[in-house]
Amino acid sequence: MNYLSRDYLEELADSVLLDCFGAEFMHEHKSINVDHLASHYLGLEVSYIRLSDDGKILGLTTYADVDLELERYDARDTIKLKKDSVLIEKSLLEHDRNGCRRFTLSHEAAHQIIYRIETPDDKATYQRRFANETVYSCRDLKSADDWREWQANTLAAALLMPRNLVDFLLFRFNNGKPLIRYGAWFNYHDRQVLSNMCSLLGVSRSALVIRLLQLGFIRQRPVREYNDSLDIYPDESEVDYNEA
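Residues numbered from 1 in each chain as written. Predicted model: local features only at pLDDT ≥ 70, side-chain atom pairs only at ≥ 80, totals over all residues. Heavy atoms only, no water.

K.L.:
Please set out the environment of Arg102 residue by residue, giving values where relevant.
P.N.:
Along the polypeptide, Arg102 turns up in helix H3 (residues 98-116). Residue classification places Arg102 among the buried positions, given a relative accessible area of 7%. If near-sequence neighbours (up to four positions away) are discounted, Arg102 is found in contact with Ser31, Ile32, Val34, Leu160, Leu201 and Gly202. At a separation of 2.9 Å, a polar atom in the side chain of Arg102 contacts the main-chain carbonyl oxygen of Ile32. (Helix = DSSP H or I, 4+ residues; strand = E, 2+ residues; numbered from the N terminus. Buried < 20%, exposed > 50% of the residue type's maximum accessible area, 1.4 Å probe, protein only. Contact = heavy atoms within 4.5 Å. Polar contact = N/O pair within 3.5 Å; in protein donor to acceptor, adjacent residues only side chain to side chain.)

Written as structure tokens, this is what we have:
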């Protein structure tokens, strides 16, 4: 497999977005239409179904035709999937989980993009892995090594939150200044900035915070440096009580 650096994945995301949406879109400062990117640009067949009873599996994608065994509704059943399929946990269609849905779809699209730039030998290895098993379980398909998952997460974040768009929104809502996080907490103003950015990007707060940290747009400070505790509001998805 390719071992791709963060810088390469950032450039790859920009190239994909430019090819998918065109130069004009990159200056319109709109949220990324990840559904269009997955279905129309990459040609993936996206479906929403229940993937597991414990809710731990949110998505998967296939690189070849496969019989997939699911454990759900307290039973097991097998479904046939064509190559270039994406399955997303249907509970993510709920309105308050849209940010998670969009990132999950972007993550699976990222797996496909990375697969398509693999060498022919590596692609053949993927194909043999599928061909040598009669039935895959959902968990088998999601048990890729940590490096491959890191690459997909990194590319997914860059696709949903490209740097030029994050730069623009940070300038719009905070005059281009970085946010300050005290331990795992933000003050009221910076929480409002995060909320506005999440709304326009269509992402969850936790995904945005991680992206801003990656881009160097959050300055980390210890909690003791903040001198007005009444103005501190916890970011529940980010709180690390050992740190705070």
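There is more to say, and it comes next.
K.L.:
Now, about the pairing of strand S7 (residues 179-182): what can you tell me, with residues and values included?
P.N.:
When S7 meets strand S9 (residues 218-221), the two strands line up parallel, connected through four bridges. In the strand pairing of S9, Ile180 is matched with Arg219. One ladder, built from two bridges, connects S7 with strand S8 (residues 185-187); its direction is antiparallel. Residue pairing in the sheet places Tyr182 in a bridge with Trp185 of S8. Where S7 hands over to S8, the hairpin turn is made up of two residues, of which Gly183 adopts a positive phi near 65°. (Pairing = 2+ DSSP bridges.)

K.L.:
Explain the nonpolar core residue by residue, including any values.
P.N.:
Leu37, Leu155, Met161, Leu208 and Leu212 are the most contacted members of the largest nonpolar core, which totals 52 residues. Going through the elements one at a time, helix H1 (6-25), helix H2 (34-41), strand S5 (85-89), H3, helix H6 (146-160), helix H7 (163-174), helix H8 (188-201) and helix H9 (205-214) are the ones with two or more residues in this core. The element best represented in this core is H1, accounting for eight residues. Judged by nonpolar contacts, the second largest core, of nine residues, contains Ile49, Ile57, Leu60 and Leu68. (Core = buried A, V, L, I, M, F, W, Y, C linked by side-chain atoms within 4.5 Å.)

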